[in-house]
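An overview of the molecular structure
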Amino acid sequence: MVETLIWFAVLFAASGILLLERRCLGQSAIVQPLVLCLLAGHFTGYESIGLWMGISLQLLSMGQGHYADWALAGVLSAMSLLVCHRLDLEVAVGSPSSIALITIAVLAAILARLLERRLAQTDGEVLRSTSPWESDNPTRAFESLVHMRLLRGFLLGGTQAAIGSALAAGAILVLDQHTPSFTWLATLGGMAVPALGTAVALGSLSGYRFIGYASAGMAVTLAAAVMI
């Protein structure tokens, strides 16, 4: 029990620190889905699923940064692979478990972006009503504000990654026990997700309607290939 709690605390702290990079740690772009998933896949022995998830999320994130928190999607996916390895859960490319994992990561990223916008609005209202520059000691007030925002970002990032990883692990556990194995389904899923990511990446350069056209075309092509 103690070992599990320590391991969970390490993951929580690592997630919180990694997600601070998007705000204040130099913005060196280390926290990218491809990088994190590759590292997680290497350390857990899930190289194929790490590469598949990393490429798919990286393609989905291109030009779509204002819609979702892709740093969180990468951290959540990487931490989920570590949790699955810890629980001896197998995640195969294109399986229902892998689709569920990447879906949870994307949905969590979208919700996190919505929450971030709401917090930004609230912070703006607070600053307009009680500006630190109007206090008796503006320097100290500004430092306290920065420290509080850093602490909030750390705790919020760690909590988001922890909850998302727990949901992903639970979904994988349920799907592994109740989902039949079909080779053609895994092949279709393994091809469809990166194909959708490619469509989104191309669509970011050509307008939103192209995403729908490209996705539909790729889906028809993949379905025809599987049927043949």
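Keep in mind it's a predicted model, so treat the numbers as computed, not measured.

Let's shift gears to the packing of aromatic side chains. In the structure shown here, the tally under the stated rule is one aromatic pair. Ring geometry for F12 against F154: centres 6.1 Å apart, planes inclined by 85°, an arrangement best described as edge-to-face. Linking F12 in helix α1 (residues 2-20) with F154 in helix α6 (residues 138-178), this pair joins segments that are 142 residues apart in sequence. Residue class for F154 comes out partly exposed when judged on its relative accessible area of 21%.

Now for the packing of helix α2 (residues 33-44) against helix α4 (residues 70-86). For the pair α2 and α4, interaxial distance at closest approach is 8 Å and the crossing angle is 10°. The orientation of α2 relative to α4 falls into the category roughly parallel. Touching P33, L36, C37, A40, G41 and T44 of α2 are W70, G74, V75, S77, A78, L81, L82 and H85, all from α4. Partitioned by chemical class, the residues of the contact of α2 with α4 number nine nonpolar, five polar and no charged.

Side chains that are nonpolar tend, in soluble globular proteins, to be buried together. Grouped together as the largest cluster of nonpolar side chains are 40 residues, with contacts concentrated most on I49, M53, L57, W70 and V75. Within the residue set of this core, elements represented by two or more residues are α1, α2, α3 (47-61), α4, α5 (96-129), α6 and α7 (183-206). No other element matches α4, which puts eleven residues into this core.

What follows is about a nonpolar patch on the surface. A contiguous nonpolar patch, built from L107, I110, L111 and L114 and spanning about 380 Å² of accessible area, is present on the exposed surface. The topology assignment puts L111 in helix α5.

The next thing to look at is the packing of α2 against α3. The packing of two helices is summarised by the inter-axis angle and the distance between the axes. Where α2 contacts α3, the axes come no closer than 8 Å and their chain directions differ by 170°. As summarised for this structure, α2 and α3 are arranged roughly antiparallel, according to the angle between their axes. The segment α2 lies against α3, with P33, L34, C37, L38, G41 and H42 engaging E47, G50, L51, M53, G54, I55, L57 and Q58. Across the contact of α2 with α3, the residue classes break down as eight nonpolar, five polar and one charged.

Conventions adopted
- Residues numbered from 1 in each chain as written.
- Predicted model: local features only at pLDDT ≥ 70, side-chain atom pairs only at ≥ 80, totals over all residues.
- Heavy atoms only, no water.
- Phe/Tyr/Trp six-rings, centres within 6.5 Å; stacked < 30°, edge-to-face > 60°.
- Helix = DSSP H or I, 4+ residues; strand = E, 2+ residues; numbered from the N terminus.
- Buried < 20%, exposed > 50% of the residue type's maximum accessible area, 1.4 Å probe, protein only.
- Axes fitted to C-alpha atoms, helices over the stretch in contact; angles between N-to-C directions.
- Parallel < 35°, antiparallel > 145°, perpendicular 65-115°, else oblique.
- Contact = heavy atoms within 4.5 Å.
- Nonpolar A, V, L, I, M, F, W, Y, C, P; charged D, E, K, R; others polar.
- Core = buried A, V, L, I, M, F, W, Y, C linked by side-chain atoms within 4.5 Å.
- Patch = residues over 30% accessible without salt bridge, like charges linked within 9 Å, V, L, I, M, F, W, Y side chains within 5 Å.
- Areas by Shrake-Rupley, 256 points an atom, 1.4 Å probe, with all protein chains shown as cover.
- Salt bridge = Lys/Arg side-chain N within 4 Å of Asp/Glu carboxyl O.

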